[in-house]
Amino acid sequence: PVSLPLVINTWGFTNATQKAWSIINNGGKTAMDALVAGCTECEILQCDTTVGYGGSPDEIGETTLDAMVMDGKTQDVGSVGDLRGIKNAIGVARAVMEYTEHTLIVGESASKFAVEMGFTNESLTTNTSIEMTKNWKKNNCQPNFRQNVTPDPKKSCGPYKPIQNLYNTYSSSRIDKNIGKTNHDTIGMLIIDNNNNIVAGTSTNGANHKIPGRVGDSPIAGAGAYARNKVGGAAATGDGDIMMRFLPSFNAVMLLELGYSPEQAALKALNPIIQFYPSFVGALIVTNTNGSFAAACHGLPNGFPYSVRNTDMKDVKIITVPCV
Ligand code: SD4
């Protein structure tokens, strides 16, 4: 028995789930309306400071946003990468889908497009993001994530080992060991309406202290999220620089099409990533269009929490899946 509609999203971002649920469950609005409202809620609340303004500043302290929406019925996609000075990234992604022939618009040009579409241009910097940049600079001798950068001779921290540093920084910064919760994370959301139409979306401020211009997996269709009517959908969170090389969301949906269960599809879609990058940290949520869902993760010691609501549930539920 199916129990639609369904809202499912990454992490314990239950306010977003609740917002989307209140819209899809009341009728009159589309799954896309609910998706954009749900993810916008996280952008407003700055979920874990990893969605929306004021988090994950790049090397020079600017917060930039990536987001996408995908409609499973039409295969239409709209997305933005490296969006600057606009808070509602998922709203702009939807405008790309609905008002242009394009799929992905990036950088300053995406900001200009957003302003044309009526979004407000404002700073995404906050005291928190300024503090984050200051602390990071204090502990780093030179810009992060580059090879062949000469260490600053006045400081005693060279020589720089960028690749290793990247993964260590990433995985340790993602988990607050005291409360056992991850504190850095993208929202990826999947919604199925009563007629089995599925939509998918993401919104994030990406990786901490990235090189300016870095775009992650979240706005890439098939990497950050994917949706196809009559099959299902998937959305990803984690190390996007790695994930976008494997298109895990597309992979998971193709595995559903081959007849695998959502759980099998989630696990199998992560497999090649783990084979090539054993220290990979990330997770996938997967649902088929009947509303059966599952998740899988790798590298999160306390497992991966995700948020769900359907008509069988009295309230939004957080489910935590242990990692493989
Ligand atoms: C990225 N996948 O930009 C995003 C980051 C993320 O939790 O999921 N953070 O790489």
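The name an unreviewed UniProt entry gives the protein chain is N(4)-(beta-N-acetylglucosaminyl)-L-asparaginase, with Patella caerulea as the organism. Its UniProt record, at the heading Catalytic activity (unreviewed entry), says of the protein chain: "N(4)-(beta-N-acetyl-D-glucosaminyl)-L-asparagine + H2O = N-acetyl-beta-D-glucosaminylamine + L-aspartate + H(+)". Database annotation for the protein chain, UniProt heading Sequence similarities (unreviewed entry): "Belongs to the Ntn-hydrolase family."

**Student:** Please clarify how the environment of Glu108 should be interpreted in this entry.
**Tutor:** As for its position among the elements, Glu108 is in helix α4 (residues 107-116). Under the C-beta neighbour-count criterion, Glu108 is labelled exposed, with 11 such atoms within 10 Å. Once the C-alpha coordinates of Glu108 and Gln275 are considered, the two residues, 167 residues apart in sequence, prove to be 37 Å apart.

**Student:** Mind showing me how you'd approach the UniProt feature "active site" (unreviewed entry) in the protein chain here?
**Tutor:** Residues given the UniProt feature "active site" (unreviewed entry) here are Thr186. With respect to the helices, strands and loops of the structure, Thr186 is situated in the loop between β6 (181-182) and β7 (187-192). By the C-beta count within 10 Å, which is 34 here, Thr186 ends up buried. In contact with Thr186, not counting residues within four places along its chain, are Thr10, Thr50, Val51, Thr202, Thr204, Ser218 and Thr237.

**Student:** How should the sheet that holds strand β8 (residues 198-204) be read in this particular structure?
**Tutor:** Two modes of strand pairing occur in sheets, parallel and antiparallel, and in both the strands are linked by backbone hydrogen bonds. One open sheet accounts for 8 strands, arranged β4-β3-β2-β8-β7-β1-β13-β14; its pairing is mixed. Taken across any chain shown, the strands that pair with only one partner, and hence form the sheet edges, are β4 (104-106) and β14 (317-321). On average, each strand axis in the sheet is inclined to that of its neighbour by 15 degrees, with strand direction left out of account. In the sheet, strand β2 (residues 65-71) pairs with β8 via 6 bridges, with the strands oriented antiparallel. The residue bridging Asp71 from the neighbouring strand is Val199, located in β8. The sheet strands contacting helix α1 (residues 14-24) are β1 (6-10), β7, β13 (304-310) and β14, and the helix crosses β1 at an angle near 160 degrees.

**Student:** What is the right way to look at the site of the ligand in this model?
**Tutor:** Around the ligand, a shell composed of 15 residues is seen, among which Asp185, Thr186, Gly206, Gly216 and Gly240 lie nearest. Per-class residue counts for the shell around the ligand are 1 nonpolar, 10 polar and 4 charged.

**Student:** Where do I start with helix α9 (residues 262-276) in this structure?
**Tutor:** Given 3.6 residues to a turn, an α-helix orients residues that are three or four positions apart in the same direction. Leu270 marks the point of greatest bend in α9, at about 30 degrees, and the proline Pro272 comes within the next four residues. Among all positions in α9, only Pro262, Ala265, Ala266, Leu267, Ala269, Leu270 and Ile273 are buried. In this structure, the buried side of α9 is in contact with β10 (232-238), α7 (240-243), α8 (248-257), β11 (282-288) and β12 (293-298).

**Student:** What exactly am I supposed to notice about the nonpolar core here?
**Tutor:** Across soluble globular proteins, nonpolar side chains show a tendency to be buried alongside one another. The biggest cluster of nonpolar side chains holds 86 residues, and the ones touching the most others in it are Leu35, Ile191, Ala266, Leu284 and Ala295. In contact with Leu35, not counting residues within four places along its chain, are Ala20, Val69, Met189, Ile191, Val199 and Gly201.

**Student:** Is there a simple way to think about α8 in this case?
**Tutor:** For α8, a buried count of 7 out of 10 residues is recorded, marking the element as mostly surrounded by other parts of the structure. Of all the residues in α8, the buried ones are Pro248, Ser249, Asn251, Ala252, Val253, Leu255 and Leu256. Just downstream of α8, Gly259 is the residue with a positive phi angle, here 110 degrees.

**Student:** Any chance you could explain the UniProt feature "binding site: substrate" (unreviewed entry) in the protein chain here in plain terms?
**Tutor:** Taken from the UniProt record, the annotation "binding site: substrate" (unreviewed entry) applies to Arg214, Val215, Gly216, Asp217, Thr237, Gly238, Asp239 and Gly240. When you line up the elements, Gly216 lands in the loop between β8 and β9 (225-228). By C-beta crowding, Gly216 is classed as buried, having 27 other C-beta atoms within 10 Å. Within the secondary structure layout, Gly238 lies in strand β10. Exposure remark for Gly238: the 31 C-beta atoms within 10 Å place this residue in the buried category. Setting aside residues no more than four positions away along its own chain, Gly238 makes contact with Met243, Val281, Gly282 and Ala283.

**Student:** I tried to follow the pairing of β2 on my own but got confused; where do I start?
**Tutor:** Working note: regular strand, side chains alternate between the two faces of the sheet. Burial within β2 is extensive, with 7 of its 7 residues counted as buried. Here β2 shows two buried faces, one formed by Leu65, Ala67, Val69 and Asp71 and the other by Asp66, Met68 and Met70. Bridging between β2 and strand β3 (residues 77-83) involves 5 bridges; their strand directions are antiparallel. Residue pairing for β3: Leu65 is matched across the bridge by Leu83. Counted between consecutive antiparallel strands, the loop separating β2 from β3 contains 5 residues, among which Gln75 sits at a positive phi close to 65 degrees.

**Student:** Help me understand unusual backbone geometry, please; the structure alone is not making it clear to me.
**Tutor:** Glycine aside, a negative phi is what most residues show, and trans is what most peptide bonds show. Cis geometry marks the peptide bond from Leu4 to Pro5; its omega dihedral reads 0 degrees. Non-glycine residue Trp11 carries a positive phi angle of around 65 degrees. Tracing the backbone through its elements, the reader meets Trp11 in the loop between β1 and α1. Notably, Thr49 is not glycine yet its phi reads approximately 55 degrees, a positive angle. Within the secondary structure layout, Thr49 lies in the loop between α2 (31-45) and β2.

The rules behind the values
- Residues numbered from 1 in each chain as written.
- Predicted model: local features only at pLDDT ≥ 70, side-chain atom pairs only at ≥ 80, totals over all residues.
- UniProt positions renumbered as here; feature names shortened; annotations may be inferred.
- Helix = DSSP H or I, 4+ residues; strand = E, 2+ residues; numbered from the N terminus.
- Buried ≥ 20, exposed ≤ 12 C-beta atoms within 10 Å, placed from the backbone.
- Contact = placed C-beta atoms within 7 Å.
- Pairing = 2+ DSSP bridges.
- Axes fitted to C-alpha atoms, helices over the stretch in contact; angles between N-to-C directions.
- Near = placed C-beta within 6 Å.
- Nonpolar A, V, L, I, M, F, W, Y, C, P; charged D, E, K, R; others polar.
- Bend = angle between axes of the 7 residues up to and from the residue.
- Core = buried A, V, L, I, M, F, W, Y, C linked by C-beta atoms within 7 Å.

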